[in-house]
Amino acid sequence: MDKLTPVSIRGFLPRDREDLRRISCQTAFPGIKPGEVFSDNEVLADALTIYFTDHEPQSCFVAVTDNRVVGYIIGTKDASAMEHINGKNIFPRLIRKALRRGVFLNISNLKFIFYCLRSACRGEFFMPDFSKKFPAMLHINIESGYRQAGLGARLIKTYEAYLREQGVSGVHFGTLSEEAKGFFLKMGFTILAQGRRSYLKPYLGKEVNFYVFGKQF
Ligand SMILES: CC(C)(COP(=O)(O)OP(=O)(O)OC[C@H]1O[C@@H](n2cnc3c(N)ncnc32)[C@H](O)[C@@H]1OP(=O)(O)O)[C@@H](O)C(=O)NCCC(=O)NCCS
């Protein structure tokens, strides 16, 4: 990105939804070609973003240039309440949509689901509950070509100011991105927990680290 390109940070608007969903799919599996893991971007984008854009849009912020979203931070003030809505409402709807769209008839998707279930059986998804001390949660992604230009830092600062204003005492989130680790440490987050995830090994040739970061205000 040209250093002089003006990029503004603002609250999420419904018209940002498609751009945001596109970026979420592009960045879902770091180091793997988009589409190699999961064939259906509509279902993938729902799984990654729908709670945030449709249930808590006020906790979402975007980086915009030329009327186009090039990065976002999406989050929730209350991760426990989000889990409840995900389990009761979003997950069942997602399964029905995936069935309607033939997601479970695709061999790549079935393989990915199998790898995830195998990780779950190995206990890789078990993590302590951090939501009491760090009630909020976030996901941040910048489109490639717009990274390393300060947008991530601006989005994090905007989101933190919003959480403080809302009286939220802390935020936590998980990431598989080894690359982003340095960024989050620089932004003042600390590593609360760390584990290994094997479900991407068939694609990457190795297990990856999973980090839970947190910050209290
Ligand atoms: C990780 C990510 C959000 C960082 O955003 P960014 O806009 O590229 O980062 P910034 O330009 O705002 O960087 C802010 C500071 O962090 C530093 N930084 C950025 N990425 C870094 C990295 N990988 N390692 C160490 N420091 C890093 C920058 O040098 C900068 O430091 P400075 O203020 O001293 O110059 C972005 O690169 C991204 O979306 N990556 C791909 C998807 C991803 O990994 N998302 C996180 C999953 S939760």
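See the structure above.
Everything numeric here is computed off the predicted structure, so don't read it as measured data.

Some details on the pairing of strand 7 (residues 208-216)
Alright, step 1. Pairing geometry for strand 5 (residues 170-175) and strand 7, over six bridges, is antiparallel. Bridging from a neighbouring strand, Thr175 pairs with Tyr211 of strand 7.
Alright, step 2. Pairing of strand 6 (residues 190-197) with strand 7 involves seven bridges; the strand directions are antiparallel. Each residue of the ladder has a partner; that of Thr190, found in strand 7, is Gly214.

Some thoughts on the site of the ligand
Alright, step 1. Around the ligand, 20 residues are found, and the nearest of them are Arg147, Gly152, Ala153, Ser177 and Gly182.
Alright, step 2. Breaking the shell around the ligand down by element, the ones donating at least two residues are strand 4 (136-142), helix 5 (151-165) and helix 6 (178-186).

A few points about the sheet that holds strand 3 (residues 68-76)
Sheet strands pair via backbone hydrogen bonds, and the direction of the pair is either parallel or antiparallel.
Alright, step 1. The seven strands lie next to each other as 1-2-3-4-5-7-6, forming an open sheet whose pairing is mixed. Lying at the two open borders of the sheet, with one neighbouring strand each, are strand 1 (8-11) and strand 6. Across this sheet, the average inter-strand angle for adjacent strands is 25°, counted without regard to direction.
Alright, step 2. With respect to the sheet, helix 2 (residues 41-55) is in contact with strand 2 (60-65) and strand 3, its orientation differing from that of strand 3 by roughly 80°.

Remarks on the packing of helix 2 against helix 3 (residues 79-100)
Alright, step 1. Remark: helix 2 packs on helix 3, axes separated minimally by 11 Å, with the N-to-C direction vectors making an angle of 140°. The angle between helix 2 and helix 3 places the two elements in the oblique class. Our pair here, helix 2 against helix 3, has a crossing hand that is right-handed. Here Val43, Asp46, Ala47, Ile50, Tyr51 and His55 of helix 2 come into contact with helix 3, specifically with Met82, Ile85, Asn86, Ile90, Leu94, Lys97 and Ala98.
Alright, step 2. Its residues assigned to classes, the contact of helix 2 with helix 3 shows nine nonpolar, two polar and two charged.

Side note on helix 2
Alright, step 1. Helix length check: helix 2 (15 residues) gives 20 Å between terminal C-alpha atoms against 21 Å at 1.5 Å per residue, within 8%.
Alright, step 2. The largest bend in helix 2 amounts to roughly 65° and is located at Thr49.
Alright, step 3. By the burial criterion, the buried members of helix 2 are Leu44, Ala45, Asp46, Leu48, Thr49, Tyr51, Phe52 and Thr53.

Thoughts on the nonpolar core
Alright, step 1. The biggest cluster of nonpolar side chains holds 35 residues, and the ones touching the most others in it are Phe61, Tyr72, Ile73, Ala136, Leu138 and Leu155.
Alright, step 2. Other than its neighbours up to four places away in sequence, Leu155 contacts Ile9, Phe61, Ala63, Gly71, Ile73 and Ile140.
Alright, step 3. If you look at the next biggest cluster of nonpolar residues, it comprises five residues, including Phe38, Leu44, Ala45 and Phe112.

Remarks on the environment of Gly152
Alright, step 1. Mapped onto the fold, Gly152 is located in helix 5.
Alright, step 2. By the C-beta count within 10 Å, which is 22 here, Gly152 ends up buried.
Alright, step 3. Along the sequence, Gly152 and Arg118 sit 34 residues apart, while their C-alpha atoms lie 33 Å from each other.
Alright, step 4. Filtering out sequence-adjacent residues up to four positions away, Gly152 remains in contact with Ile140, Ile142 and Phe183.

Quick notes on the environment of Arg118
Alright, step 1. In this fold, Arg118 is placed in helix 4 (residues 107-121).
Alright, step 2. Among the residues examined, Arg118 registers 13 C-beta atoms within 10 Å and is labelled partly exposed.
Alright, step 3. Separated by 44 residues in the primary sequence, Arg118 and Ile74 place their C-alpha atoms 29 Å from one another.

Quick notes on the packing of helix 1 (residues 17-26) against helix 2
Alright, step 1. Running from amino to carboxyl end, helix 1 crosses helix 2 at an angle of 120°, the nearest separation of the two axes being 9 Å. Here helix 1 lies oblique to helix 2, going by the angle between them. Where helix 1 crosses over helix 2, the handedness of that crossing is right-handed. In contact with Arg17, Leu20, Arg21, Ser24 and Cys25 of helix 1, helix 2 contributes Asn41, Leu44, Ala45, Leu48, Thr49 and Thr53.

Here is what the cut-offs are and how they apply
- Residues numbered from 1 in each chain as written.
- Predicted model: local features only at pLDDT ≥ 70, side-chain atom pairs only at ≥ 80, totals over all residues.
- Pairing = 2+ DSSP bridges.
- Helix = DSSP H or I, 4+ residues; strand = E, 2+ residues; numbered from the N terminus.
- Near = placed C-beta within 6 Å.
- Axes fitted to C-alpha atoms, helices over the stretch in contact; angles between N-to-C directions.
- Contact = placed C-beta atoms within 7 Å.
- Parallel < 35°, antiparallel > 145°, perpendicular 65-115°, else oblique.
- Left-handed = near helix turned anticlockwise from the far one by under 90°.
- Nonpolar A, V, L, I, M, F, W, Y, C, P; charged D, E, K, R; others polar.
- Expected span 1.5 Å × (residues − 1).
- Bend = angle between axes of the 7 residues up to and from the residue.
- Buried ≥ 20, exposed ≤ 12 C-beta atoms within 10 Å, placed from the backbone.
- Core = buried A, V, L, I, M, F, W, Y, C linked by C-beta atoms within 7 Å.

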